[in-house]
Structures are given as C-alpha cells and as structure tokens.
Amino acid sequence: MSAVPLRSLAASAPPRLAGVWLADQLGTSSAARVQSTGHAGLDAQLPGGGWPVGAMTEVLQPAAGLHVWRLVLPALAQATAARPGAVVLVAPPYEPFAPALRAGGLDAARLCRVQTTSAAQALWAAEQALRCRDVQAVLAWLPQAAPESLRRLQLAAAQMGQLLWVFRPARARQQASPAPLRLWVEAVDGSGGAQMQVQVLKRRGPPMEQPLALPASHAALARVLAASAARGEGRRAPQQPARPAVVLPLAAWRDRLPGGGVQHALDRMAVAANPH
C-alpha cells in the first residue's frame, strides 16, 4: 500500500468543521482567546494569532531570563492597559528593570514578585497565583518542575482564564510537557545587531520550518539605557522615583490568600510609594 501525501489528504477532506483542525494548518477556534504577542511575525506562527489565554506557554532557554521581557512585554502592556489585575512573577532569576518596563508600556506597580527557596514552594506559589481573581498573568521560572506539576498549572490557567508563561532550562527540551504551546528562545547575532531566535517546538498545527528572528531589544528601551548611561550616576537630574514591584516572601504571599488576594499588597505598595 503506497503512502498518500498529507497535503493530498487535506485537499480531499470535507469542509472544516467547528473545533476540527487539520495537521497541516494552524489550529483556530472561535471559543479560544488569545492575546497578541506584539510581534507580527510571531503572531503569524501561533494558533489564533497570539499567546493563548487560559493555557500554558512554555519557554525553554539556554540561559535563565534571556530576552524574557522583550518576548512578553508587549502582550503584558496591552493586557494590563485593557483590564485590571496583577502580574505575578514567581522565582524570577533577576529583578525587573522598572524604567524598561515603563518604556514598554507596563507599570511596574502592577507586578508582584514572589520569592521562594525551593522548587516545591515555587510550584505552590504559581498555582495559588493562578487561582487568585486579582491576578491577570503569571510568569514562573520552574527549572525542576515535573510533567504532573505542570499539568496542575495548565488546569488552573484553564479554569481561571489567565495568561501563563513557564520558563524552563534547555535540558527540559527532551521532556514531555502538557503545554499546548512550547517555544525555544536563544540569542543570535544578526545583520542588524543582537536578535533573539524563536523556534516553535509545539503548537496546534504543523511543525515550524524555520526559526523566527526578532529584535533583542525594544527601541524605547535602547533609548532609556542610552540616556541613563549618558547621564551617569552622579549627574542625574532629580526625578520622581519609579513605583517598584511588590516583593513578597512566600510567607507573606501565603498570608494574603485566599482572602484579599494580591490587591492588598498592591494597595499597600501604592500607599508606601505615595505617602502624601
């Protein structure tokens, strides 16, 4: 029996039905919600045209924290401008740079950074954040998460309809994952300067033939960094300090659940930053 090419089968298939997708086409659904990534080229490669809302996006990287904000900041800026809610960072490897976030359209006061000391704590904090009504998006760095733990996060995101990014190291590439969308992101040197290369490893659709190259830094961020370097620490003009992200140790995070949620933390931070 001779093999029939996939495209021949697709051409002879009946008209597409709601909720049914063909393997050589990107999956789409009128019921699925997405948030534009802010990168037109990346949107074109993702089912529905953006980050899935109510589902996990797993980002694998050779170095923790590499280009994370350049990848997700445009979507977070759009989402937080459209509706209230906190953005929770669980066990991030680096502290976010508030001026860069502001340049990208995201108020650092919307962030709540949860500090943990173990993989189990980080998983617990991420799941609780996903189940909190005050939370709009969760970014979690989980290098040691098992597939069954990731399934719990995927279920929580689906139940509450939140954005969820999980960042994991390169060694996780060979492991199974419940994430419906899985990316590989690494730094490359392009003709136009530093870039980040994005490869879609898993999506509802055909394999991605070629990785996508995106700028490694935002133009507004580059201007902020250049201006900061030009002024120097000793010659900066007085300015209103940026409102920082809320930083909560795990015990404080636990105390705020499930009662007032993270909104209490955000309100307390706002009072501390603006005492008058």
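Described in the following lines is the structure provided in the data block. (Residues numbered from 1 in each chain as written. Predicted model: local features only at pLDDT ≥ 70, side-chain atom pairs only at ≥ 80, totals over all residues. Heavy atoms only, no water.)

A word on the overall build of the chain
Reasoning step 1: Along the backbone of the chain there are 9 helices and 11 strands.
Reasoning step 2: Within the chain, the proportion of its 276 residues that are buried is 41%.
Reasoning step 3: Contacts in the chain between residues far apart in sequence, at least 24 positions, make up 68% of those at least 6 positions apart.
Reasoning step 4: With an accessible surface of roughly 14,300 Å², the chain has 55% of that area assigned to carbon and sulfur atoms. (Helix = DSSP H or I, 4+ residues; strand = E, 2+ residues; numbered from the N terminus. Buried < 20%, exposed > 50% of the residue type's maximum accessible area, 1.4 Å probe, protein only. Contact = heavy atoms within 4.5 Å. Areas by Shrake-Rupley, 256 points an atom, 1.4 Å probe, with all protein chains shown as cover.)

With respect to helix H6 (residues 147-160)
Reasoning step 1: Its 14 residues give H6 an end-to-end C-alpha distance of 20 Å, which sits within 8% of 20 Å, the value for a rise of 1.5 Å per residue.
Reasoning step 2: On the buried face of H6, the contacting elements are strand E3 (55-61), helix H5 (119-130) and strand E7 (163-169).
Reasoning step 3: Gly161 lies just past H6 and shows a positive phi near 70 degrees. (Expected span 1.5 Å × (residues − 1).)

So, the packing of aromatic side chains
Reasoning step 1: Going through the model one piece at a time under the given rule, you end up with 2 aromatic pairs.
Reasoning step 2: For the ring pair Trp51 and Trp165, a centre distance of 5.6 Å and an interplane angle of 85 degrees mean the geometry is edge-to-face. Residue Trp51 is found in strand E2 (residues 51-52), and its partner Trp165 is found in strand E7; the two are separated by 114 residues along the sequence. Take Trp51 and Trp165: they sit in the same class, and that class is buried.
Reasoning step 3: Centre to centre, the rings of Trp141 and Phe167 are 4.8 Å apart; their planes meet at 25 degrees, and the pair counts as stacked. (Phe/Tyr/Trp six-rings, centres within 6.5 Å; stacked < 30°, edge-to-face > 60°.)

Here's the deal with the pairing of E7
Reasoning step 1: Counting buried residues along E7, 7 of its 7 residues qualify, which places the element largely inside the surrounding structure.
Reasoning step 2: Examined bridge by bridge, E3 and E7 share 7 bridges and lie parallel to one another. Considered in E7, the bridge of Glu58 is made with Val166.
Reasoning step 3: Here 5 bridges tie strand E6 (residues 135-141) to E7, and the two strands are oriented parallel to one another. Along E7, the bridge assignment pairs Trp141 with Phe167.
Reasoning step 4: In this region the chain leaves E6, passes through H6 and returns to the parallel neighbour E7; the handedness of that crossover is right-handed. (Pairing = 2+ DSSP bridges. Right-handed = clockwise from strand over helix to strand, strands pointing away.)

Comments concerning the pattern of salt bridges
Reasoning step 1: Inspection of every chain in the model, using the stated rule, returns 4 salt bridges.
Reasoning step 2: Note that Arg182 is salt-bridged to Glu58, the shortest N-O span being 2.8 Å. Taken as a pair, Arg182 in strand E8 (residues 181-190) and Glu58 in strand E3 lie far apart in primary sequence, 124 residues in all.
Reasoning step 3: The exposure class assigned to Glu58 is buried, which follows from its relative accessible area of 0%.
Reasoning step 4: Taking the shortest distance from any N to any O, the salt bridge between Arg152 and Glu127 comes out at 2.7 Å. You can see Arg152 sitting in helix H6 and its partner Glu127 sitting in helix H5, a full 25 residues away along the chain.
Reasoning step 5: The exposure class of Glu127 is buried, given its relative accessible area of 10%. (Salt bridge = Lys/Arg side-chain N within 4 Å of Asp/Glu carboxyl O.)

Quick notes on the nonpolar core
Reasoning step 1: Trp51, Leu71, Val72, Leu76, Leu139, Trp165 and Phe167 are the most contacted members of the largest nonpolar core, which has 34 residues in total.
Reasoning step 2: Every element with two or more residues in this core is listed here: helix H3 (68-82), strand E4 (86-90), helix H4 (98-103), E6, E7, E8, strand E9 (193-202) and strand E10 (212-215).
Reasoning step 3: Ignoring anything within four residues of it in the chain, the contact list for Leu71 reads Thr37, His39, Leu42, Trp51, Val59, Val185, Met196 and Val198.
Reasoning step 4: Within the second largest apolar cluster, 24 residues are counted, among which are Met56, Val90, Val138 and Ala179. (Core = buried A, V, L, I, M, F, W, Y, C linked by side-chain atoms within 4.5 Å.)

Considerations on the state of the cysteines
Reasoning step 1: Tallied over the full model, the rule gives 0 disulfides.
Reasoning step 2: Here Cys112 stays free of any disulfide, with the sulfur of Cys132 as its closest cysteine sulfur at 9.1 Å.
Reasoning step 3: Taking relative accessible area as the criterion, Cys112 reaches 0% and is therefore assigned buried. (Disulfide = S-S within 2.5 Å.)

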